[in-house]
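Here's the letter readout for the chains.
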Amino acid sequence: MPEWPEYGDDEAKALLEVLNSGNWGSTSGDVVATFEREFAEYQEAGHAICLVNGTLAIAIALRAAGVGIGDEVIVPPYTFIATASAALFVGAVPVFADIDPDTHLLDPVATEAAVTERTKAVVVVHLAGRPADMDAFNALGARHGLTVIEDAAQAHGAAYKGRPVGAIGDVGTFSFQSSKNITAGEGGAVVTDDDKLASALYSLVNVGRVPGGGWYQHETVGYNLRLTEFQAAILRVQLRRHPRLQELRERNARLLTDLLSEVDGIQVAPEDPAITAHGRHLFMLRIPGGREAVLESLTAAGLTRVSPGYVPLHRNAAVLRDAKAITTRLGQPYPEANCPNADQVSTDTIWLPQTYLLGTEAQTQAIATAITATANAAD
Ligand SMILES: *Cc1c(COP(=O)(O)O)cnc(C)c1O
């Protein structure tokens, strides 16, 4: 299968340009700022602010939205740990609402049932690159006065009803970590249409400085979370590669869907006309009863990066320990999670990483055949 990341002379040239300019940081160079403009345009957002990673992107999105100590943040249990740990980093309490087992995405109805008078925000994850039901989440946010944050770490270029994800809610976050569909090894971005949030985010990334302000003018207490010019130089090239690679992933994912969705014992997420572009970071399927056998046979065939997926976060002892440490100190109840769908999918899901969607048609057909043969045997 193809290696990831895909790169070439353009990345090398861009890196050398930064090296030889002597401007290695964004406080003297303009490559980060240029990439921020290009990425904001790509996601059709008013602003993009880059930073060190997608984990802290969620944390500063929460802080910029005024979420702090003891506030509750509703998150899905079936996601990368950063979605929940970001809340803990700002002293807030992650509260888990269940997912839709057909799509693996946070369920708006379960989310609404989890709202209390302490709820300040909901982090919606466009898991695998599949956009969540943003109309429902924005309506829910408006009804309860919640900030709607999109965790789009897996969803570069994905679109819901024609609108790229990230700034459909109040604020959205991206990751450029090694596995992601646009990468510089590490990195992240926060996007928003809200000017006030954008300047708060800028200050959080830049030690409390204000856009256009003085070097020692710290209006708020912020971190130094800046991306380097080297990373931005690579990201500018990776962004230009993205549309072509997405087309290929999309074509192969559709072929896999066609070949697998009619097979007994295999469940692939249903089509949804609201999803006008899928980010195709993971190809997920559910194989109740046959998961282990399929994992084994794909691994034996050399597809070693096939994964059994997440352990749900409402089962993660570290997350629960930290969440309960906060609620105990504040004398607040900790809402016990009831997420049977997340529990179920964690026993029967497998996923292929995006790199396995970058092969030839023949390779993609071979993957489908391997899955089907084993699933049938297990059945
Ligand atoms: C990768 C990822 C993150 C965290 O991004 P990092 O850049 O690795 O910190 C957050 N949420 C989801 C859903 C992710 O997949």
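Since the model is a prediction, treat every value here as computed from it, not as a measurement. (Residues numbered from 1 in each chain as written. Predicted model: local features only at pLDDT ≥ 70, side-chain atom pairs only at ≥ 80, totals over all residues. Heavy atoms only, no water.)

**Observations regarding the domain arrangement of the protein chain**
Item 1. Each assigned domain of the protein chain is listed with its residue range as follows: domain 1 (9-237) and domain 2 (243-310 + 343-376).
Item 2. The C-alpha-based centres of domain 1 and domain 2 are spaced at 27 Å.
Item 3. At the interface, 27 residues of domain 1 touch 25 residues of domain 2.
Item 4. Around 2100 Å² of area is buried between domain 1 and domain 2 when both sides are counted, 56% of it from carbon and sulfur atoms.
Item 5. When the buried area of domain 1 at its contact with domain 2 is split by residue, Y78, R130 and N181 rank highest and sum to 31% of it. (Domains from an automatic or database assignment. Contact = heavy atoms within 4.5 Å. Buried area = accessible area lost by both parts, 1.4 Å probe.)

**Focus: the site of the ligand**
Item 1. Around the ligand, 15 residues are found, and the nearest of them are G54, T55, D151, S175 and K180.
Item 2. With respect to the ligand, the side chain of S175 contributes an N or O atom lying 2.6 Å from an oxygen atom.
Item 3. Contact between the ligand and K180: an oxygen atom at 3.0 Å from a side-chain N or O atom of the residue.
Item 4. Isolated, the ligand exposes 380 Å² of accessible area, and the fraction of that covered by the protein chains is 92%.
Item 5. Listing elements by their share of the shell around the ligand, those giving two or more residues are α3 (54-64) and α4 (82-89).
Item 6. Residue composition of the shell around the ligand, by class: four nonpolar, nine polar and two charged. (Near = heavy atom within 4 Å. Polar contact = N/O pair within 3.5 Å; in protein donor to acceptor, adjacent residues only side chain to side chain. Areas by Shrake-Rupley, 256 points an atom, 1.4 Å probe, with all protein chains shown as cover. Helix = DSSP H or I, 4+ residues; strand = E, 2+ residues; numbered from the N terminus. Nonpolar A, V, L, I, M, F, W, Y, C, P; charged D, E, K, R; others polar.)

**A few points about the UniProt feature "active site" (unreviewed entry) in the protein chain**
Item 1. Residues annotated in UniProt with the feature "active site" (unreviewed entry) correspond here to K180.
Item 2. By secondary structure assignment, the location of K180 is in the loop between β10 (171-175) and β11 (188-192).
Item 3. By relative accessible area, K180 is classed as buried at 12%.
Item 4. Beyond its immediate chain neighbours, meaning those up to four positions away, K180 contacts W4, A153, H156, S175, H281 and Q354. (UniProt positions renumbered as here; feature names shortened; annotations may be inferred. Buried < 20%, exposed > 50% of the residue type's maximum accessible area, 1.4 Å probe, protein only.)

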